[in-house]
Every structure is written in structure tokens, then in C-alpha cells.
Amino acid sequence: MALARFGRQVKRQHGVCVKMTAVAILGLCFIFVWSMFSSPSNSVTVQRESFDDIAEPVASSTIVSKSKGKDIEKHDANDNKKKVESSLKKKDEKKVNGSLPLPAHEHKSGKKNEKHVSKRKKDEDKSKLSNEVSKENQENQEQEESQGEEAEKENEDEEEVVVDDKEEGLDGESEEKGEMEGDADVDESVDQETQEMVENENEGKKRQIKGPVFDPKAHYSWKQCSTRSKHNYIPCIDVESGFTRLHGYRHRERTCPKAPPMCLVPLPHDGYDSPVHWPESKLKVLYKNVAHPKLAAYMKNHNWLIKSGEYLMFPQNQSEFKGGVVHYLESIEEMVPDIEWGKNIRVVLDAGCSDSSFVASLLDKDVLTLSLGLKDDLVDLAQVSLERGFATFVSPFARRRLPFPSGVFDAIHCGRCTIPWHAHEGKLLLEINRILRPGGYFILSTKHDSIEEENAMNTLTSSICWNILAHKTDDVSEVGVKIYQKPESNDIYVLRRRINPPLCKENENPDASWYIPMKTCLHTVPSAIEQHGTEWPEEWPKRLETYPDWLNNKEKAIDDTKHWKDIVDKSYLTGLGIVWSTIRNVMDMKATYGGFAAALLQQKIWVMNVVPVHAPDTLPFIFERGLVGIYHDWCEPFGTYPRSYDLLHADHFFSRLKNRCKHPVSIVVEMDRILRPGGWVVVRDKVEILDPLEAILRSLRWEIRMTYSQNKEGIICAQKTIWRP
């Protein structure tokens, strides 16, 4: 018996030794395989801040570089390595945690994340002894990934989307369901859907393996869009679903298609010609470029636009206002002398976009006016404004906030206004109050006001403490003009007899505006020195080069201005082959501090500075400089007509998407939609993005005018051609 017991113990010890030896051998094999696939050639790409060391761009016939083909081969080889590494990593993670970790770019905060972290720690403690080798390899992988993330985030703050102090869903999903259920439920559905998206992310939803933005092996075939709006299709504004017939208003609210459009908008049936160049376009545009069934009927009753041959003419000093728009502007300045057009007042919002002659006359006074086109079935005047070369965007104005930060417009104008400001508890006027600068002016001109409407407007403006500076009915224009001023401090709010509308809660972010419902509350005037809007900006043009105390990273803003001035002067204006005299409407798809727009001011060009909703919020400073811009999520189409812009600029735009959009190719399709035939695209990014992007542009039959690369980064300059019937 004793001998038998001794034999079993020997066998048991022998079995343990065999098992330990097997584990050691497997671990050594794993380390050997890992070392083979993590060779020094697979290095981390570091984000460059500038292209100062790049020489002047070469001609259009120049090949990118000899190393370009090698870079593509390395890119393919790295893709294969990543697949093997990701499969090994999945096995190790399943052993350690039983689930995949949260994406690196997600905002980690709150009780749910604390529970998640504590649960992971418990699981790691339980499996610590049995998974020592795999854990060590996992840490190595995580360290390399974190280095890659840090390289991408260099000189950039952590990017996140805040919706009412919550993080927005990654894909910017639309709220079509809420719209179908009825107008009264819109506000509720927006908040509910946002809540669901946040909860889904915090639960640790599995994330797909991060791959290239564009598939380098993909082939594309394009079809024309078959929509009711045809050549004037605006995807998120022209609601194509049948439920819109239940509402009396086709364009009641922004609702994007579930899948982004992958079709190309056709040209007008009568053909399309290159637009009349600036500054001639102030006086005439090609009629067939903006022709619309309702436009001919509109012209019969308005003398400020006349059809003459193939042109739509805009006679000087003719407008909706009798006596001319110049007289109208001068009378406003006489009523309130503090309104010094072009000095004290630089950035204006024109709500309604009815008479673009108002914008043209203000431009002569060095005032940059952004027109809000409220698209309806009457006439497409926003498209006329864009064709003339004026800053314009199209957006519903019903229940959601406009895509601007708070307190940025020096003045807001509504000429011959028909907007019901006092309806729905004054929501629309409260939204105007949100985006109007403290001490800013609201200029309202109406004709034949009813006593009931005037009394309701007076009650509403008194409740939000607006001061009526002047009220006059001009004998020449026969238009009644009221000029209101927003309070400059919060002292007057305390003196209100009726606290209605109430003050907004302290945690209510006044700058959050992307898919945020309008609230029937009154935002307080900023008073802290670190808040924007506490002081009126310097007079124009001094404000362009003024950096206020509330601006974080003031040095970065100064460097950004110098950086873009050097690039524009030394490269863009001379080396890209662009005829800048033909460029008027420009969009910066990923604006930071407005340095690119500031560098182009001498070219008599206006720039729409688009600040992506997932990027650091620099839009208030852009307005502070006397420039204009807008928030946007590029996973959705932009709010403008097809053929709106002469040039699109994208600086490290695609490399910062970080897998946010399900279909990044749809952004290129959107670029094709909003760019005019003959227009230009300038893209600066990593070579691994530019190579497949060039193939996509060629599939759209664009002409690649110039390519250049150095140190794994480069530039593409392409021109859209007229080829679709």
C-alpha cells in the first residue's frame, strides 16, 4: 500500500512538471511569434503640425514620389500584421476579461464606468496566475496602441461630443421616429434617443477593429439620385419619406436618411455653366443655374431681381425696401448711432434670406452677413444668395437650436419679417436671444403689423429684458423698424416682476446646439473672465488679430494664424494651379482657430469655418475674430444646396474621423454634391488616406491637378469636372 501511494505521488508530480514545461514552451513560442510580427519597421506615425519643410508644390504632371509605392506595400503588409495581432489579442482578452475593452476615444466617466473598471479588476485577479504570459503580451499591445493614439492626438485636446452635458452617439443618428409620431413629441424624442445612445456606449459595446478610413481595394460605380428635388436635393432638408404629407410643411425639421446618400446629384436640365465671377456676381448671375418654378412668379412682384436674357440681374440700390437698401441702412444708423456698420458691427445674421441686396450693401460697409435660408416651397432665394457669392446656409428653424454657439452675432436682422416670434411661448425669439451677443442688436422691420401681434411682441421682449432703442416708421420705405438691445449684465433679470420665462439651469450648456431642442428658458449673460461674451470685441479690423483673455491656448491660436499665412502665401496662392480670381465661396471643413480664413481675407474671399461636433469647440473664437462658421457632424450631409462652393479645404480632416462614420466614402459624395463643377478640393493628410482618396476622386471623374508627399504626409489638389447630364 505504501509503495502504491508513493508511486501515485511521483506520477502526480511528474504530471505537474510536464504541464509546467508545456506552459513555458507555449509562452516562449508566443513571445517568438510576437517578436516576429512587431519588427522595428512597424513604427508609429507621428502627427505633423506643419508643412514648413515641404518645398514648393510640383506641377500637375509630377508623380507623388518614388517612395509612394513602397508606402503602399508597407501599408498592406502592416494590415496583414494587424489582422494577426488583433486575432491574438482577442484570444488573450477573452482569457483575461471575457469581453473587449472600451474604445480608446470614448469618454470614460460616471458610475457605470467605475463598476466596469472594478469588475475588470476582479476578473484579472481571479485569472492572474493562469494568464500571466498572455497578460504581459496584452499590456505590450495596449502600450503600442496608446502610443499611436497619443501620436494622433498631438497638439489636439480630447475630442468629444457634448449634448446637454452628455456624450453624443458616434454616428449622429437622425430622429425620424420622433418626427413621425408628431410635432408635440419632438423635444421628448430627442432627449430620449440621446439618452439611449449614451447608455449603449457606456455598456461597453463591442468596437470593430480600427482599419483604414478608405478601403484601398474598393471599386466604385456611381448612379444619379432619383429624388423629388432632383438637381436641388438637400438630403437632410428635403424629406423624401411619405409621412411628410401628414404635416403641412415639407421642411419642418432636419431629418437625415438612415443611410447616407451614395448617389450623385444631377445637373439642371437646361445645363449648367460656370458661375459669373466675383465681383460681377453682385449684379448678375446665370438664370439657368438657379432656375426654379416659383422663381419666375416671385420676380413679377419684386423689382430687386429682373430676368434679362440668360442672366438674373440685381439693379443697384433696388430692394424690397422703397427708397433703396442704402437708405434703409443709413436710417438704422441714424436711429441708433452706436450701430457703426463695419466697425462696431462686423458679424450679422440675416434671418429669412429674402433680399440678398441687404447683404450686398452691408458687404460694401465691411460687414460679413450670414444669411439663414428658411427653405420652403415658395422660392429658393438662399440658392440665389449663394450664386451671388454671399455667405448662406439652409436650416429649418422650428424646434431645435441653430448650429451656433451662444452670444456670437453682433446683430441679427429680420427684414419685412413674417416669422411668428411670439408663438410657442416665444421659443424662436429665445433662440435668437441665445446666439445674440450681450449688448447686441435685434433689428426687426415689418409692414402693417396687427395690434395683437405688436402687443404680444412687446410683452415677450419685455419679459426677456430687451430694451427698445428706437421705433420708427420710415416715410420713404413705409416700413416700421424696431431696434432692440440685449442686456449686457444679469442685474436687470433680478428686477423682473414675473419670472417668465425662467432662467435656465446652471448645468444647461448654452453653447450645445447640435440636435438640441430649443428651451423656453432664458440664458444668463456670461460674467466670469474665462467665459466668452463678457466684453464686446475690438473694432474691425483690429479684432481679427486680437486674442481675448478667455481663450485657452492663446499661443496655439497665434501659431495657427502664422502657420496658415505662410502656407497660403508661399504655397496655396502660387503652387496649386488654382485661379483665385474665380474663387469666392470657400469652406474649411475642419476649422480650428480660423487662421486659414484670415489668411484668405485679402483675396476677397469668404470662408465657412466648419467646426466638427466631435472636435474642440473653437467656434466662439472664430466669431470673436469677425469671421463666420457653423457646427456640423460630417457623418451627415451639410445644410446647403448642391453646387454651393468654389473650393473645399480639408486639413487632416479624414485622419481625425477615428471611425466615427459608418460610411466615410459618403463624405466624399457629399463633397461632390456641394462643390460646383469646375470647383477645387485641397486635402492635406496622411499618404495612407490620400492614396485611396485619389482613386475615389478619379472614379468620380475629377481631375487630379497636383499631388505631393513627404514623410508619410502629403497633399492632393483636385478639380471637379462637368460630365454628368
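As the structure is a computational prediction, the values presented were derived from the model and not from experiment. (Residues numbered from 1 in each chain as written. Predicted model: local features only at pLDDT ≥ 70, side-chain atom pairs only at ≥ 80, totals over all residues. Heavy atoms only, no water.)

Some points on the pattern of salt bridges
According to the stated counting rule, one finds 22 salt bridges in the structure shown. A salt bridge links Asp410 to Arg543; the nearest nitrogen and oxygen atoms lie 2.9 Å apart. Taken together, the positions of Asp410 in strand E7 (residues 409-414) and Arg543 in the loop between helix H14 (491-494) and helix H15 (554-575) put the pair 133 residues apart, joining distant regions of the chain. Judged by relative accessible area, which is 0%, Asp410 ranks as buried. With a shortest N-O distance of 3.3 Å, Glu624 and Arg437 are connected by a salt bridge. On the criterion of sequence distance, the pair formed by Glu624 in helix H17 (residues 619-624) and Arg437 in strand E8 (residues 436-446) is long-range, its members being 187 residues apart. (Salt bridge = Lys/Arg side-chain N within 4 Å of Asp/Glu carboxyl O. Helix = DSSP H or I, 4+ residues; strand = E, 2+ residues; numbered from the N terminus. Buried < 20%, exposed > 50% of the residue type's maximum accessible area, 1.4 Å probe, protein only.)

A few points about the state of the cysteines
Covalent bonding between the sulfur atoms of two cysteines is what defines a disulfide. In total, this model carries five disulfides according to the counting rule given. With its sulfur 2.0 Å from that of its partner, Cys225 forms a disulfide with Cys263. Its S-S torsion of approximately 95° makes the covalent link between Cys225 and Cys263 right-handed. With a gap of 38 residues between them, Cys225 in the loop between helix H6 (186-202) and strand E1 (284-286) and Cys263 in the loop between H6 and E1 connect regions that are remote in the sequence. (Disulfide = S-S within 2.5 Å.)

Thoughts on the sheet that holds strand E9 (residues 467-473)
With mixed pairing, the seven strands of this open sheet are ordered in space as E6-E5-E4-E7-E8-E10-E9. In the strand order of this sheet, the two ends are held by strand E6 (392-394) and E9, each with one partner. Each strand of the sheet is rotated relative to its neighbour by a mean of 15°, with strand direction disregarded. Two strands pair when backbone bridges link them, and E8 and strand E10 (residues 480-485) are joined in this way by six bridges, in the antiparallel orientation. Residue pairing across strands places Phe442 opposite Tyr484, the latter belonging to E10. Docked against the sheet, helix H9 (residues 325-335) engages E7, E8, E9 and E10, running at close to 45° with respect to E10. In this fold helix H10 (residues 356-364) packs onto strand E4 (347-351), strand E5 (368-373) and E7, with an angle of close to 165° to the strand it touches most, E5. (Pairing = 2+ DSSP bridges. Axes fitted to C-alpha atoms, helices over the stretch in contact; angles between N-to-C directions. Contact = heavy atoms within 4.5 Å.)

A word on H9
Along H9, the positions that sit buried rather than exposed are Val325, Tyr328, Leu329, Ser331, Ile332 and Met335. One side of H9 carries all its buried residues, which in axial view fall inside an arc of 160°. Where the residues of H9 are buried, they touch H10, E7, E8, E9 and E10. (Arc of directions from axis to C-beta.)

What about the packing of aromatic side chains?
Where two aromatic rings form a pair, the distance of their centres and the angle of their planes describe that pair. In this structure the tally under the stated criterion is 24 aromatic pairs. Ring geometry for Phe409 against Phe623: centres 5.1 Å apart, planes inclined by 65°, an arrangement best described as edge-to-face. Here the residue Phe409 occupies a position in strand E7, and Phe623 occupies one in helix H17, the gap between them amounting to 214 residues. Each member of the pair Phe409 and Phe623 is classed as buried. By way of ring pairs, the aromatic residues Phe214, Trp634, Phe638, Phe653 and Phe654 are connected into one cluster. Over the face of the ring belonging to Trp540 we find Arg346, whose NZ or CZ atom lies 3.6 Å from the ring centre. (Phe/Tyr/Trp six-rings, centres within 6.5 Å; stacked < 30°, edge-to-face > 60°. Lys NZ or Arg CZ within 6 Å of the ring centre and 35° of its normal.)

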